[in-house]
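Listed below, chain by chain, are the residues.
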Amino acid sequence: MSKDAILGAIRRGLKRGPLPDDQKLALRARLEAHPRHLIPARAQLPRPEQVALFLRNVEKEFGTTARVANLSDVPAAVAEYLAANNLPSDFAIAPHPELESIDWASRPLLTLRPGRAQATDAVCLTHGYAAVAETGTLMLPASPHRPTTLNLLGDTAIVVLRASRIVGWMEAAWDLIRAENHDETTGGFMPRNIMWVTGPSRSADIESTLELGAHGPRRLHVVLVDDDPTAVA
Amino acid sequence: MLATSPAFKQNVKGALADAGLQKALAFTRPSFAGKRSAAVAGLPEFEQLRDVGRDIKNHVLANLDFYLETWAGNVEKAGGTVHWCSTADEARAAVLAICQKAGAKTVTKGKSMISEELGINDHLEKFGIEPVETDLGEYILQLRKEPPSHIIAPAFHLNREDWEESFRASHTDLDEERVFGERRDILTEARKKLREKFLAADVGITGANFLIAETGSSVIVTNEGNGDLTQTLPKVHIVLASIEKVVPTLEDACTFLRLLARSATGQDMSVYTTFSTGARRPGDLDGPEEYHVVVIDNGRSAMIGTEFQEMLRCIRCAACMNHCPVYFTVGGHSYGWVYPGPMGSVLTPSLIGVDKAGHLPNASTFCGKCESVCPVKIPLPKMMRHWREREFERHLTPQTMRTNLSIWAWFAKRPALYRLATRAAAWALGLMGRKKGRFHTLPFAGGWTDGRDLPAPEGETFFARYARQQRETQS
Ligand code: SF4
């Protein structure tokens, strides 16, 4: 079988047989410990500055942001954004408990369709699991409450994110998912899919010049909910 | 993919005469290098991260069997299937079998260099399955039946008129009145066409930038989002990955993500970095029902334990070609196979044989720029030199070059004669080139002067000048 052929060829190259048990044990210990390597200093900042760095980085990557005090302010912020950009007021929305807890009826003009995205959806709204200040990156793990298609099919993607979920660097976001998520299928923590999203879709394939909205969303808008008193400057 | 690497010299002649290509090369060169250096300047720890990246990859290569087995075990735990393939033939057969079992008519594809290496598209077509490249650059190349000319900007050698011409020829439903005045118009047309394909596809094939041993995940890094649509919408997701893509943990991957986008496009982070682990879970509203990984050796294991082992650290960022004076003179197609530039000059002879690709490691100025920008510090010039030596040892070097080198060696062993001969040559060349200081053409040296000028000697050899300067400083 090719598996044995490949592993055999690797071992011949390394001039050894299968690893002895003690060395395997040491490698397993490294996997268990999953040590961090060098973490850049750029995001090692006090909380308010970390949040500010995140917002700056989203904008640097051609995303837009709005900041509200409470979850109950989200419908108004979304309605305002859609109107300001001449976008339709009906959208697909992630069936996430946190988003379901919002009183959307306070904005009767908004029409919500909970579920996955369809090809015809112009606007999709999803729930931000966490975000990384270092690069302005959103972490969007798939789950029944957070379908992947919402990140991709709409021309406009809106993400509602709580400020308390912003961490400095990628490794800290992995810590969150390692601690909080349980995957029934594997018994581990990894869900089927995790998308890290940094700004709207783009391509420079045509004459080496950047154009936004290649296959994914042309606009990415982050509505940040200030739920973290330590994060407000 | 069929290699035209043996015809490197003819390829180069064509490339030098191709005005469109030369324009694209001249336009892109400063922007590639400028973007990288700006991104690197924004991260003071970048140099240290290169060492960390190199060390992690070395650790993986020394334990590659262990990490591959661990990774494969975790893929299976997540309900995925691993297909181990030693050769391109086996990999093509594995992909075809999965597609046929799924009853596939259309297959969408994210960008994957190993797919080019294997020639997946031709194989699927032969069996009546339509492969559709969805990366914008790869899509236009598929319409034009051209291979990529760069590993991350596959179609940068084309200009807007080429895109328009191909769309008018291939998109038969296109209104004749339709205007393509702006790049945006081209993008809109491609997006619309490819949306239909994404929604209709039965199978999606992507490559993998990394495989994560601890979780059994595969990782893709893109800017367009095409790879994500490719792997999310169809019933079946197939990942193509070569054996050296595995890294131990998610934390290890972080180091490479910090290096990759900065080295490649000068971004801090690419737009979409996606970790896939198995198929759709119970209750999920989207995602593929089957997840397969075709893991491919195709010549890589034979590099382990040789002087080319370090090449397996490569993360395919393209920084080496983006900074290569040879690449920017001859373009990517001249290299004649999948991988161009310095990394191609080292990798191609390993994968298709030095007898076919021996010209490539010879096409180097040894300026060392590639090694100095490589995020995992691969000693590319040293390896090109190894290939030259091996080629020479195996008597694969062309007879004229061998003769010239032996004449040079004969003189070099006889210092007095050598000095006399070189002094005469330098004097003659100096006289001929005195006016402009450079030669645009030179008898018997067209291979040099067609793509670059030869600086005229100043009428004095190095030895003579050294001796004269010694005398001058002493007096
Ligand atoms: S050899 Fe180094 S610089 Fe070139 S593509 Fe590979 S990692 Fe990038």
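What you see as residue numbers is a count from 1 along each chain, following the sequence as written. In the order they appear in the text, chains get letters beginning with A and ligands get numbers beginning with 1. Only residues with pLDDT of 70 or above have their local features reported here, since the model is predicted, and side-chain atom pairs are shown and tallied only from 80 upward, although totals for entire chains, interfaces and linings are computed over all residues. The basis for the side-chain values is all heavy atoms of the structure; hydrogens and waters are excluded.

1. A few points about the overall build of chain B
When helices and strands are tallied, chain B shows 23 helices and 12 strands. Working definition: with a 1.4 Å probe on protein chains only, accessible area under 20% of the residue-type maximum means buried, over 50% means exposed, and in between means partly exposed. Looking at the 475 residues of chain B, the share that counts as buried comes to 57%. Any two residues whose heavy atoms approach within 4.5 Å are treated as being in contact. Within chain B, contacts between residues at least 6 apart in sequence are counted, and of these 71% link residues at least 24 apart. For chain B, the accessible area works out to roughly 19,200 Å², and carbon and sulfur atoms hold 56% of it. Segments assigned H or I by DSSP are reported as helices when at least four residues long, segments assigned E as strands when at least two residues long, and all are numbered from the N terminus. In short, Shrake-Rupley with a 1.4 Å probe defines the accessible areas, and a residue's cover is counted only from the protein chains shown.

2. A short note on the overall build of chain A
Looking only at helices and strands, chain A features six helices and 12 strands. For the C-alpha atoms alone, the extent of chain A along its principal axes is close to 70 × 40 × 40 Å. Expressed as a percentage of the 233 residues in chain A, the buried residues total 58%. Put simply, 71% of the contacts in chain A that link residues at least 6 apart link residues at least 24 apart. Roughly 9,300 Å² of accessible area belongs to chain A as shown, and the carbon and sulfur atoms make up 55% of that amount. Charge assignment in this entry is limited to Lys and Arg as positive and Asp and Glu as negative, and neither His nor the chain termini are counted. Here the site of a charge means NZ on Lys, CZ on Arg, CG on Asp, or CD on Glu. Here chain A carries 25 positive and 27 negative side-chain charges, and the mean point of each set is 8 Å from the other.

3. Observations regarding the domain arrangement of chain A
By the assigned domains, chain A splits into domain 1 (1–35) and domain 2 (45–231). Domain borders in the structure are assigned automatically or taken from a domain database. The C-alpha centroid of domain 2 of chain A is placed 40 Å from the C-alpha centroid of domain 1 of chain A.

4. Concerning the packing of aromatic side chains
Residues and elements named next belong to chain B. Each Phe, Tyr or Trp ring, with Trp reduced to its six-membered ring, pairs with another whose centre is within 6.5 Å; inter-plane angles below 30 degrees give stacked pairs, above 60 give edge-to-face pairs, and intermediate values give tilted ones. Following the criterion strictly, the structure yields 16 aromatic pairs over all chains and no others. Residues Tyr327 and Phe328 carry aromatic rings whose centres are separated by 5.4 Å and whose planes lie at 75° to one another, so their mutual orientation is edge-to-face. For the pair formed by Tyr327 and Phe328, the shared burial category is buried. Through successive ring pairs, a cluster of aromatic residues spans Phe8, Phe32, Phe156, Tyr327, Phe328 and Tyr335. To sit over a ring, a charge needs its Lys NZ or Arg CZ within 6 Å of the ring centre and within 35 degrees of the ring normal. Above the face of the Phe256 ring, Lys57 is positioned so that its terminal group lies 5.3 Å from the ring centre.

5. A short note on unusual backbone geometry
Residues and elements named next belong to chain A. Positive phi is not limited to glycine here, since Lys15 has a value of about 55°. Among the secondary structure elements, Lys15 is positioned in the loop between α1 (2–14) and α2 (21–33). Its relative accessible area of 66% is what places Lys15 among the exposed residues. One non-glycine residue, Phe62, lies in the positive phi region at around 75°. Residue position: Phe62 is located in the loop between α3 (47–60) and β1 (64–68). Using a relative accessible area of 43% as the deciding quantity, one classes Phe62 as partly exposed.

6. Digging into the site of the ligand
All names here are of chain B. We call a residue near a molecule or strand as soon as one heavy atom of that residue lies within 4 Å of the molecule or strand. For the ligand, the set of nearby residues contains 13 residues, the closest of which are Cys314, Cys317, Ala318, Cys320 and Cys374. As defined here, a cavity is a set of points on a 1 Å grid over the protein atoms alone where a 1.4 Å probe fits but cannot get out. A pocket is an open set with protein on both sides within 12 Å along at least five of seven lines, and residues line them when an atom is within 4 Å of a point. Should more than half of a molecule's atoms lie within 2 Å of a pocket's or cavity's grid points, that molecule is taken to sit in it. In this structure, the ligand is accommodated by the second largest cavity. Of the residues contributing to the shell around the ligand, the split by class is 12 nonpolar, no polar and one charged. Polar here means any residue other than Ala, Val, Leu, Ile, Met, Phe, Trp, Tyr, Cys and Pro, which are nonpolar, and Asp, Glu, Lys and Arg, which are charged; Gly is therefore polar.

7. Quick word on helix α3 (residues 46–62) of chain B
Multiplying one less than the number of residues by 1.5 Å gives the expected span of a helix. A rise of 1.5 Å per residue sets the reference length of α3 of chain B, with its 17 residues, at 24 Å; its end C-alpha atoms lie 24 Å apart and thus fit the reference within 8%. Regarding α3 of chain B, the residues found buried are Phe46, Leu49, Arg50, Val52, Gly53, Ile56, Lys57, Val60 and Leu61 of chain B.

8. Some points on the sheet that holds strand β3 (residues 130–133) of chain B
Residues and elements named next belong to chain B. Taken in spatial order, the six strands of this open sheet run β1-β10-β7-β4-β2-β3, and their pairing is parallel. In this open sheet, the two edge strands, each paired with only one partner strand, are β1 (81–85) and β3. In this sheet, adjacent strand axes meet at a mean angle of 20° when their direction is disregarded. Two strands pair if DSSP finds at least two bridges between them. Pairing of β1 with strand β10 (residues 290–296), which is carried by five bridges, proceeds in the parallel orientation. Pairing of Thr81 across the sheet is with His292, part of β10. Between N-to-C directions, angles span 0 to 180 degrees; the directions come from axes that are lines fitted to C-alpha atoms, helices contributing only their stretch in contact.

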